[in-house]
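# A look at the structure
Given next are the chains, with one letter for each unit.
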Amino acid sequence: DFQCGWEAMMHLEKESEQDIYNRILYRRAEVLGLSFTTSQPESYAIVRLACLCRVIEPSRGKKIEEAFAELKLEERQALTKYLRMDGLTSKPAFILCESSNFLENC
C-alpha cells in the first residue's frame with residue numbers, strides 16, 4: 001500500500017532499515033487484523049506471507065493465518081526461518097520475484 005510505504009519513508013533518517021521494515025509489516029498486520037510482534041517469529045512469517053500474496057482483506061489474512069497453523073511444526077519452523085531472512089539481520093535474503101503470482105494461484 002502506497003500510504004504505508006510513504007509513512008515508512010518519513011522515518012528513514014531516524015530509524016534503522018530493520019525498524020522501518022518492521023513498521024511496514026506491523027501496519028499491514030494491523031490492516032489485516034493479524035498479530036505482529038517481532039519477538040514472535042511465526043507472526044512475522046504470517047504477515048510476510050500475507051504481503052507476498054497481496055492480501056488486502058482481513059478475511060483473506062485470517063485464511064493465511066489458519067492455513068499456516070495447520071502446517072506441521074517442522075514445516076512452520078522451516079517456512080518461518082526462510083521468511084525471516086531479510087538480508088539485514090538474517091542472511092542470506094531471498095528475493096521472491098513474481099512469487100505473488102504463484103502464491104495467489106495456490
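In this text the structure is predicted, and so the values were computed from the model without any measurement.

## Quick look at the packing of helix H2 (residues 17-32) against helix H3 (residues 41-52)
Following both chains from N to C, one finds H2 and H3 inclined at 75°, their axes separated by 10 Å at the closest point. The angle between H2 and H3 falls in the class roughly perpendicular. Counted together, Gln18, Tyr21, Asn22, Leu25, Arg28, Ala29 and Leu32 of H2 and Tyr44, Val47, Arg48, Ala50 and Cys51 of H3 form the full contact between these two elements. The residue makeup of the contact of H2 with H3, split by class, is eight nonpolar, two polar and two charged.

## Re the side chain of Ser43
If you trace the backbone, Ser43 turns up in helix H3. At a separation of 3.0 Å, a polar atom in the side chain of Ser43 contacts the main-chain amide nitrogen of Thr37. Reaching out from Ser43, the side chain makes a polar contact with the backbone oxygen of Gln40 at a distance of 2.8 Å. If sequence neighbours within four positions are ignored, Ser43 has contacts with Ser35, Phe36 and Thr37.

## As for the nonpolar core
The biggest cluster of nonpolar side chains holds 17 residues, and the ones touching the most others in it are Leu34, Phe36, Val47, Ala50, Val55 and Ile64. Breaking this core down by element, the ones donating at least two residues are H2, H3 and helix H4 (58-70). Ranked by residue count, the leading element in this core is H3, at seven residues. Sequence-distant contacts of Ala50, defined by excluding residues within four places in its chain, comprise Leu32, Leu34, Val55 and Ile64.

## Here's the deal with the environment of Ala45
By the secondary structure assignment, Ala45 is in helix H3. You can call Ala45 buried: its relative accessible area is 0%. Residues Ala45 and Arg84, 39 residues apart in the sequence, show an inter-C-alpha distance of 6.5 Å. When sequence neighbours within four positions are dropped, the list of residues in contact with Ala45 reads Phe68, Thr80 and Leu83.

## A look at the confidence of the model for the protein chain
Per-residue pLDDT for the protein chain has a mean of 84; in total, 79% of the residues score no lower than 70. Of all helices and strands in the protein chain, the one with the weakest mean pLDDT is helix H6 (residues 99-104) (64), whereas H4 scores best (95).

What counts, and where the lines are drawn
Residues numbered from 1 in each chain as written. Predicted model: local features only at pLDDT ≥ 70, side-chain atom pairs only at ≥ 80, totals over all residues. Heavy atoms only, no water. Axes fitted to C-alpha atoms, helices over the stretch in contact; angles between N-to-C directions. Helix = DSSP H or I, 4+ residues; strand = E, 2+ residues; numbered from the N terminus. Parallel < 35°, antiparallel > 145°, perpendicular 65-115°, else oblique. Contact = heavy atoms within 4.5 Å. Nonpolar A, V, L, I, M, F, W, Y, C, P; charged D, E, K, R; others polar. Polar contact = N/O pair within 3.5 Å; in protein donor to acceptor, adjacent residues only side chain to side chain. Core = buried A, V, L, I, M, F, W, Y, C linked by side-chain atoms within 4.5 Å. Buried < 20%, exposed > 50% of the residue type's maximum accessible area, 1.4 Å probe, protein only. pLDDT = per-residue confidence, 0-100.

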